[in-house]
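# A closer look at the structure
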Amino acid sequence: MSTISLQIEFGGGLELLFSNQKRHTLTLPSEVPFDNNTKTQLDALSAVKTKSADLEYLMFHLRDHLLRDRPELFMEAGTVRPGILVLINNTDWELEGEGEYVLQDNDEIVFISTLHGG
Amino acid sequence: MVSESCGNPSVESEAIMTRRPKHDKSKICIKCKVNTGAIVIRHAVYCKECFPALLNSKIRRILEPHINAKPELSRKKSLKASGNLLVAFSGGLGSTVLLDLISRIYLSPWTEEEVEGNLKGGKDHPRNQPVWKSVSICYVEIASGFPGMTDKTMKIQQILREKYKTLEFISLRLEDAFDMSWWDKVGGKAALDANADLTNDELFISSTLTTPTLNPVERLRSYISALPTHTAIENAIHTLIRVLLLYTARSTQSSHLLLGTSLTSLSIRLISSISQGGGFSVWEEAYEEWKPDSTTAIRVIRPLQEVTTKECSMWAWWNGLLVVGQEKYPRAKEGIYALTKDFIIGLERDYPSTVSTIARTCSKLAPKVEAVGLCIFCERPLQPGVQLWKSRISLRETGQPTTASRSSDSSPVLQSLTPYLCYSCHTMLTSRNSKGVSGNPASPSLPLPVWASIHPRGLSDDVGRSGMQPDLNGNEELWLRRKIDPDEMKVVIGDFLLE
């Protein structure tokens, strides 16, 4: 099973939810459960429907394995909460297909909270 | 099957508003048509190189028509303000981005690259000669009003002084609104500490001469705890900050006050304000000219009002701006503003054009009648007939004073604050208490900010009830005449007696 290495960064205060750490390095399998179940063991993947690791799965992985507090401030209804911007290699994720973007090795994903006020 | 009415989304699937499809058009920048886009702004794609010019043009389009004393329609006239500039800074995203962009566009010296590349934009470019004589940054700290809240003044001062070395930093505190020494410093007219009685819709005022005096922090906390709803707390704090900034702008001889309200924040504020009865000053939410007297005219401008929060965020990220952020005070989420914010931000993500539609629609609104002065609380236009309207549409308590505050020969003559309040401020103070706070509910007494302790002369007891408007004249001072007993008189003049 091949893996993907990712650089994750949080900004705009979002790092407070992730141990106050702005930068994280992650390794994900290239194939993941289709239903975004982050608890499925690697050797059990052959028994379930899978998909290429995408941004949607990454969000669930971050919520289930890195988030320390208040998951509702990060995700809502299966995607990032309104007010959180996502950049994929310094580009707006809207240009890359949002949650359907298939992750590539060494991608840099940034999550920025815009809820700072005026 | 097409739904013919606004059905219930929980049982009728076709009643749900369908989300617009994800961006599936060209990824090429709409401006240069060469580079690959990096950001989508309301369905338009921009590259990282064209993005700064986009923000630059939006800000200049909003700000520059209002810089010169006379509005300039010709673009050939150079920019020259009649006074100084005050930039409000809250620590939030909008004001951080505003300060950075204003500094780049109007205050930064030309770099060698720009000079060699002949990019100076002609002799009338704003960076070729100073538009304002001096520029100050003003920050208002609100931590004193809420025990346990972190005071960020020193942190913000350090950050701003390091980044903007040539700009003066002015630090205010929310309790300055109840501090007579601050009021003297900014040239305010003589006033007395006064409280308003919230148990009666007339909001009778009493002076605090005979009660133990509280310091400004205590008066601020008393003010916050007396407000009837969490919505009122947010609204009141916002108003206090705005008026503190106005008087600071006046004291610094500023002709312009800039606020970092983005398009998103503006839309939230418009909807929230209108829902609380602020429709008469919808225009002022985007732009206002504050004229408290014949010698003062300060233009309050929001240069980012066409820039969404998303654009501000991307600018801050791509330029490495440090956003300190604003701490939320307790239970702020329960107010109308916070609920509106959640709604608008959700709307913006799925239907980005909606937010600009709100601001554009509101900019087309204008009140049918003219203002009869300024509201004594928020210093915004005061509409006529507020109390007459309220008496027709709602059940209200009668205007009789409570027993504790009934006038007599030796007690203060009652003055009603109500005739001098706009609809929104009066509603804010007289909403039914929904906080469920402990404390003495019998007579919640609201300390008044120093500028609201001033009222026009000639107030009659009939004005508030009949719906008549007082004869307001912005130049008139308030002096409350009343008979006082010998003991109270001795307290006032005791220091001058030779004994």
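Rules used in this analysis
- Residues numbered from 1 in each chain as written.
- Chains lettered and ligands numbered in written order.
- Predicted model: local features only at pLDDT ≥ 70, side-chain atom pairs only at ≥ 80, totals over all residues.
- Heavy atoms only, no water.
- UniProt positions renumbered as here; feature names shortened; annotations may be inferred.
- Helix = DSSP H or I, 4+ residues; strand = E, 2+ residues; numbered from the N terminus.
- Contact = heavy atoms within 4.5 Å.
- Areas by Shrake-Rupley, 256 points an atom, 1.4 Å probe, with all protein chains shown as cover.
- Buried < 20%, exposed > 50% of the residue type's maximum accessible area, 1.4 Å probe, protein only.
- Pairing = 2+ DSSP bridges.
- Buried area = accessible area lost by both parts, 1.4 Å probe.
- Salt bridge = Lys/Arg side-chain N within 4 Å of Asp/Glu carboxyl O.
- Polar contact = N/O pair within 3.5 Å; in protein donor to acceptor, adjacent residues only side chain to side chain.
- Axes fitted to C-alpha atoms, helices over the stretch in contact; angles between N-to-C directions.
- Parallel < 35°, antiparallel > 145°, perpendicular 65-115°, else oblique.
- Nonpolar A, V, L, I, M, F, W, Y, C, P; charged D, E, K, R; others polar.
- Core = buried A, V, L, I, M, F, W, Y, C linked by side-chain atoms within 4.5 Å.
- Expected span 1.5 Å × (residues − 1).
- pLDDT = per-residue confidence, 0-100.

Looking at an unreviewed UniProt entry, one finds chain B named Cytoplasmic tRNA 2-thiolation protein 2 and attributed to Lentinula raphanica. According to UniProt, the comment filed for chain B under the heading Subcellular location (unreviewed entry) is "Cytoplasm". Regarding chain B, the relevant UniProt record gives this comment under Sequence similarities (unreviewed entry): "Belongs to the CTU2/NCS2 family."

As named in an unreviewed UniProt entry, chain A is Ubiquitin-related modifier 1, taken from Lentinula raphanica. What UniProt states about chain A under its Pathway (unreviewed entry) heading is, verbatim, "tRNA modification; 5-methoxycarbonylmethyl-2-thiouridine-tRNA biosynthesis."

Helix and strand counts for chain B come out as 16 helices and 12 strands. The long-range fraction of contacts in chain B, counting pairs at least 24 apart against all pairs at least 6 apart in sequence, stands at 74%. As presented, chain B carries roughly 25400 Å² of accessible surface, and 55% of it is formed by carbon and sulfur atoms.

Residues and elements named next belong to chain A. For strand 9 (residues 107-113), the tally of buried residues reaches 6 of 7 residues, placing the bulk of the element in the interior. For strand 1 (residues 3-11) and strand 9, the ladder comprises 6 bridges, and the chain directions are parallel. Residue pairing for strand 9: Q7 is matched across the bridge by E108.

Further remarks concern the interface of chain A and chain B. Contacts between the two partners involve 26 residues from chain A and, on the opposite side, 33 residues from chain B. Both sides of the chain A and chain B interface together cover about 2300 Å² of buried area, and 56% of this is carbon and sulfur. At the surface where chain A touches chain B, the tally comes to 3 salt bridges. At the surface where chain A touches chain B, the tally comes to 8 residue pairs in polar contact (both at pLDDT 80 or more). Within the residue set of the side of chain A that touches chain B, elements represented by two or more residues are strand 1, strand 6 (79-80), strand 7 (84-88), strand 8 (91-92) and strand 9 of chain A. In terms of residue count, the dominant contributor to the side of chain A that touches chain B is strand 9 of chain A (3 residues).

Residue and element names in this part refer to chain B. Inspection of the secondary structure puts E327 in the loop between helix 10 (309-318) and helix 11 (336-350). Judged by relative accessible area, which is 34%, E327 ranks as partly exposed. Between the C-alpha atom of E327 and that of M149, which follows or precedes it by 178 residues, the distance is 7.8 Å. What E327 contacts, discounting residues up to four positions off in sequence, is M149, T150 and K152. Looking at E327, its side chain comes within polar contact range of the main-chain nitrogen of T150, at 3.3 Å.

Under the counting rule described, the total for this entry stands at 25 salt bridges over all chains. Across the pair R63 of chain A and D64 of chain A runs a salt bridge whose closest N-O atoms are separated by 3.0 Å. Its relative accessible area of 27% is what places D64 of chain A among the partly exposed residues. Across the salt bridge formed by D100 of chain B and R104 of chain B, the nearest N and O atoms sit 2.9 Å from each other. Separated by 4 residues within a single helix, D100 of chain B and R104 of chain B lie in helix 2 (residues 93-107), roughly one turn from each other.

In this section: the packing of helix 11 of chain B against helix 12 (residues 352-363) of chain B. Residue and element names in this part refer to chain B. At their nearest, the axes of helix 11 and helix 12 sit 4 Å apart, and the two run at 125° to each other. By the angle class used here, helix 11 and helix 12 are oblique. Contacts between helix 11 and helix 12 involve I344, L347, E348, R349 and D350 from the former and P352, T354, V355 and I358 from the latter. In the contact of helix 11 with helix 12, the residues fall into 5 nonpolar, 1 polar and 3 charged.

This part is about the nonpolar core. All names here are of chain B. Counting 61 residues, the largest nonpolar core has F377 and W451 as its most contacted members. Broken down by element, the residue count for this core peaks at 11 residues, all from helix 7 (residues 230-251). Beyond its immediate sequence surroundings of up to four residues, W451 is in contact with A177, W182, W183, L240, V243, L244, Y247, I376, F377 and E379.

Moving on: helix 7 of chain B. With 22 residues, helix 7 of chain B extends 32 Å from end C-alpha to end C-alpha; this agrees with the ideal 32 Å at 1.5 Å per step. Of all 22 residues making up helix 7 of chain B, 18 are buried, and the element is well covered by its neighbours.

Among the secondary structure elements, R81 of chain A is positioned in the loop between strand 6 and strand 7. Each C-alpha atom of the pair R81 of chain A and P71 of chain A lies 9.8 Å from the other, and the pair is 10 residues apart in sequence. Leave out the neighbours within four places in its chain, and R81 of chain A touches E72, L73, F74, M75, E76 and L115 of chain A together with D342 and R349 of chain B.

This part is about the sheet that holds strand 7 (residues 204-207) of chain B. Residue and element names in this part refer to chain B. Taken together, 4 strands build an open sheet; the order of strands is 11-7-6-12 and the sheet is antiparallel. The sheet is open, and its two borders are formed by strand 11 (415-416) and strand 12 (445-447), each paired with just one other strand. Looking at chain direction, strand 6 (residues 194-197) and strand 12 are connected through 3 bridges and run antiparallel. By the bridge assignment for strand 12, D197 is matched with S445.

Below, the discussion takes up the sheet that holds strand 10 (residues 298-301) of chain B. All names here are of chain B. A sheet is described by the order of its strands in space; here 6 strands give the open sequence 5-4-3-8-10-9, paired in mixed fashion. Every interior strand has two partners, whereas the edge strands, strand 5 (168-173) and strand 9 (287-290), have only one. Averaged over all adjacent pairs, the angle separating strand axes in this sheet is 20°, with direction ignored. Where strand 9 meets strand 10, 4 bridges bridge the pair, whose relative direction is antiparallel. Note on strand 10: the bridge partner recorded for W290 is I298. Along the sheet face, helix 2 touches strand 3 (84-89), strand 4 (135-141) and strand 8 (254-258) and points at about 150° away from the line of strand 3.

The next point concerns the confidence of the model for chain B. Residues and elements named next belong to chain B. For chain B, mean pLDDT is 82; residues scoring 70 or higher make up 76% of the total. Segment residues 437-443 is flagged for pLDDT under 50; beyond a separation of four residues in sequence, or across chains, it makes 2 contacts in the model. Counting interchain partners and residues more than four positions distant, the pLDDT-below-50 stretch residues 455-480 has 58 contacts.

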